[in-house]
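So the chains spell out like this:
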Amino acid sequence: MLLISCPNCGPRDETEFHYGGQAHVPYPENPNDLNDREWAEYLFYRENTKGTFAERWVHSTGCRQWFNMLRDTVTYDIQAIYPMGAPRPDAAGKVTAETGTASTAADSTTTGTAAPSIAATSTATSTSATSTTAPEGATK
Amino acid sequence: MSTHHLPEHPDFLWRNPEPKSSYDAVIVGGGGHGLATAYFLAKNHGMTNIAVLEKGWLAGGNMARNTTIIRSNYLWDESAAIYEHALKLWEILPEELEYDFLFSQRGVMNLAHTLGDVRESIRRVGANKLNGVDAEWLEPDQVKELCPILNTSDNIRYPVMGATYQPRAGIAKHDHVAWAFARKCDEMGVDIIQNCEVTGFLKDGDRVVGVKTNQGTIHTEKVGLCAAGHSSVLAEMAGFRLPIQSHPLQALVSELHEPVHPTVVMSNHVHVYVSQAHKGELVMGAGVDSYNGYGQRGSFHVIEHQMAAAVELFPIFARAHVLRTWGGIVDTTLDASPIVGTTPVENMFVNCGWGTGGFKGTPAAGLTFAHTIATGAPHKLNKPFALERFETGALIDEHGAAAVAH
């Protein structure tokens, strides 16, 4: 079971969350202009990355807030957790996560205040309390 | 220390050849679908100068990890046609392949636990009958008669309100199925190359002309992808996308027990499916883990949930011990139907998206995919399962129709 650090509630079991699939898939700006191929891409085609993947989760039985996560789809290691609307942290996010020293600030975010933050990597066997608590600027 | 040498190894079922520099066709993926495709390419289309490339060991992926259920009671016409054709092939393959892979037509029961389930199930029985698929609706007392160990009392959270039953459905020994296909492929001259991972494709414009592997470059006129959970990875190498999401799907077996379970029971509502293997293990599967994953393992709470359902339905399982659990990577599509056909890359073909239920489709996947590769056009059975359906909207929505569990 994954141990997921909710930006608002801290580390909780995976069973408290629901999965939302690939992150950063915006609704088409001009839906009327889309052809069938483009609609197919929007509706049915998603990245299926083997490796670091940006995805959405919602803390259904907690704060009920959505957030984004960078997770390795092979090791299942969680590399970063960051607010909806914030840009995906770059590769430096992973390095920071491993050393656990600082979070990676985004250049700008649509939510204004939130910066991507780094969660400690957690897996089913991890019982340590090393996960970060709610990051500053997390969306409420 | 003994001075006796070990006896000679018995005859191998297939050779382990070095890859040649070129083939008429290359199949990527040495699981059930890849081997069945090679078999039908050789047998039906006379294409014997072909190779099956397997990155690990033969049939060590989902072919070794599924719960071996075979059935054809799907709702929609397109699905019923291809899965029923597969079932008819299963019925003749042991003789054709000269290999008894213990295909046991012990029937499959799909339980109904809600009024919605009951309506959907009776509708599906009707649709199945119209499509020539054997199907019956069973009332709870008939369910109990067929499978006495099932708890059909009213005092459980989701009482059994009836079931659909397909008598011709059943199970088979999945490893033996793969070995049976592999031996026949080898006899007809097909090269099965294990530990051969595809690392890229050679293209001439939009046309594929070869495969790059960790054992060197192989030139070929045609490429067929049969890589299940890794289909997206191969498609990306080839320069196109697939509407596939890869998820972990787990299963487990108990320790051995005397025969107690006469059929196969599937419950989509409480989400578990159970059969008893010939040797005596209870074989159980559940749903996929929610997240995308390539790790061939899932989360334990999924197993726990599945056990809770199993124990409520089968009270005598309460003291059975789990012997082992495992996971495979399944390639799911948004309409829970496979993709078998051409791709945007010329001479490259794809067979994927079988999701959680590919084992039962193995013979028909092989037959139709071989036809598609050999002729360049789909067989009538796989024509509806083209990649283009996601653009045209002609989806074959089996989600909830033929059941999420397979």
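Residues numbered from 1 in each chain as written. Chains lettered and ligands numbered in written order. Predicted model: local features only at pLDDT ≥ 70, side-chain atom pairs only at ≥ 80, totals over all residues. Heavy atoms only, no water.

**Some points on the overall build of chain A**
Part 1: A count of helices and strands for chain A gives two helices and six strands.
Part 2: Along the chain direction, N to C, the helices and strands of chain A fall in the order β-β-β-α-β-β-β-α.
Part 3: Burial analysis of chain A (140 residues in total) assigns 41% to the buried set.
Part 4: Counted over contacts in chain A with a minimum sequence separation of 6, partners at least 24 positions apart contribute 49%.
Part 5: A total accessible area of about 7200 Å² is found for chain A, and carbon and sulfur atoms account for 50% of it. (Helix = DSSP H or I, 4+ residues; strand = E, 2+ residues; numbered from the N terminus. Buried < 20%, exposed > 50% of the residue type's maximum accessible area, 1.4 Å probe, protein only. Contact = heavy atoms within 4.5 Å. Areas by Shrake-Rupley, 256 points an atom, 1.4 Å probe, with all protein chains shown as cover.)

**Regarding the confidence of the model for chain B**
Part 1: For chain B, the mean per-residue pLDDT works out to 95, and 98% of the residues sit at or above 70.
Part 2: In the predicted complex, the global pTM is 0.89; the interface-specific ipTM is 0.92. (pLDDT = per-residue confidence, 0-100.)

**Observations concerning the nonpolar core**
Residues and elements named next belong to chain B.
Part 1: If you look at the biggest cluster of nonpolar residues, it comprises 52 residues, and the most contacted ones within it are Leu35, Leu58, Trp90, Phe101, Val177 and Phe181.
Part 2: Elements supplying a minimum of two residues to this core: strand S1 (22-28), helix H1 (32-45), strand S2 (50-53), helix H2 (77-96), helix H5 (174-187) and helix H8 (358-375).
Part 3: If we skip the residues at most four places from it in the chain, Leu35 touches Gly30, Val52, Leu58, Ala178, Phe181, Ala182, Cys185 and Ile192.
Part 4: Within the second largest apolar cluster, 31 residues are counted, among which are Phe201, Leu225, Phe240 and Leu387. (Core = buried A, V, L, I, M, F, W, Y, C linked by side-chain atoms within 4.5 Å.)

**Comments concerning the packing of aromatic side chains**
Part 1: Summed over all chains, the structure comprises 15 aromatic pairs over all chains.
Part 2: Ring plane angle 65° and centroid distance 5.5 Å describe the contact between Phe44(A) and Phe390(B), whose orientation is recorded as edge-to-face. Residue Phe44(A) is located in helix H1 (residues 36-44), and its partner Phe390(B) is located in helix H9 (residues 389-392); the two belong to separate chains.
Part 3: Accessibility expressed as a relative area gives 2% for Phe390(B), which makes it buried.
Part 4: For the pair Tyr76(A) and Tyr291(B), a centre-to-centre distance of 5.2 Å together with 70° between the ring planes defines the contact as edge-to-face. Taken as a pair, Tyr76(A) in the loop between strand S5 (66-72) and strand S6 (78-82) and Tyr291(B) in the loop between strand S15 (281-288) and helix H7 (300-313) lie in two separate chains rather than in one. (Phe/Tyr/Trp six-rings, centres within 6.5 Å; stacked < 30°, edge-to-face > 60°.)

**Examining the pattern of salt bridges**
Part 1: Within this structure, the stated rule accounts for 19 salt bridges over all chains.
Part 2: A salt bridge links Arg71(A) to Glu55(A), with the shortest nitrogen-to-oxygen separation between them at 2.5 Å. Of the two residues, Arg71(A) is situated in strand S5 and Glu55(A) in strand S4 (residues 52-58); the sequence distance between them amounts to 16 residues. Of the two residues, Arg71(A) and Glu55(A), neither departs from the other in class, the shared state being buried.
Part 3: Residues Lys88(B) and Glu84(B) are paired through a salt bridge, measuring 3.1 Å at the closest nitrogen-oxygen approach. (Salt bridge = Lys/Arg side-chain N within 4 Å of Asp/Glu carboxyl O.)

**A word on the interface of chain B and chain A**
Part 1: Chain B puts 27 residues into the contact, and the matching count from chain A is 23 residues.
Part 2: Taking both sides of the interface into account, the surface hidden between chain B and chain A amounts to around 2300 Å²; carbon and sulfur atoms contribute 50%.
Part 3: When the area that chain B buries against chain A is broken down by residue, the three leading residues are Arg241(B), Tyr291(B) and Glu391(B), summing to 29%.
Part 4: Where chain B touches chain A, the interface holds three salt bridges.
Part 5: For Glu391(B), the salt bridge goes to Arg37(A), with nearest N and O atoms at 2.6 Å.
Part 6: The tally of links between chain B and chain A comes to 17 residue pairs in polar contact (both at pLDDT 80 or more).
Part 7: Among the elements that line the side of chain B that touches chain A, the one with the most residues is strand S12 (residues 245-256) of chain B, at three residues. (Buried area = accessible area lost by both parts, 1.4 Å probe. Polar contact = N/O pair within 3.5 Å; in protein donor to acceptor, adjacent residues only side chain to side chain.)

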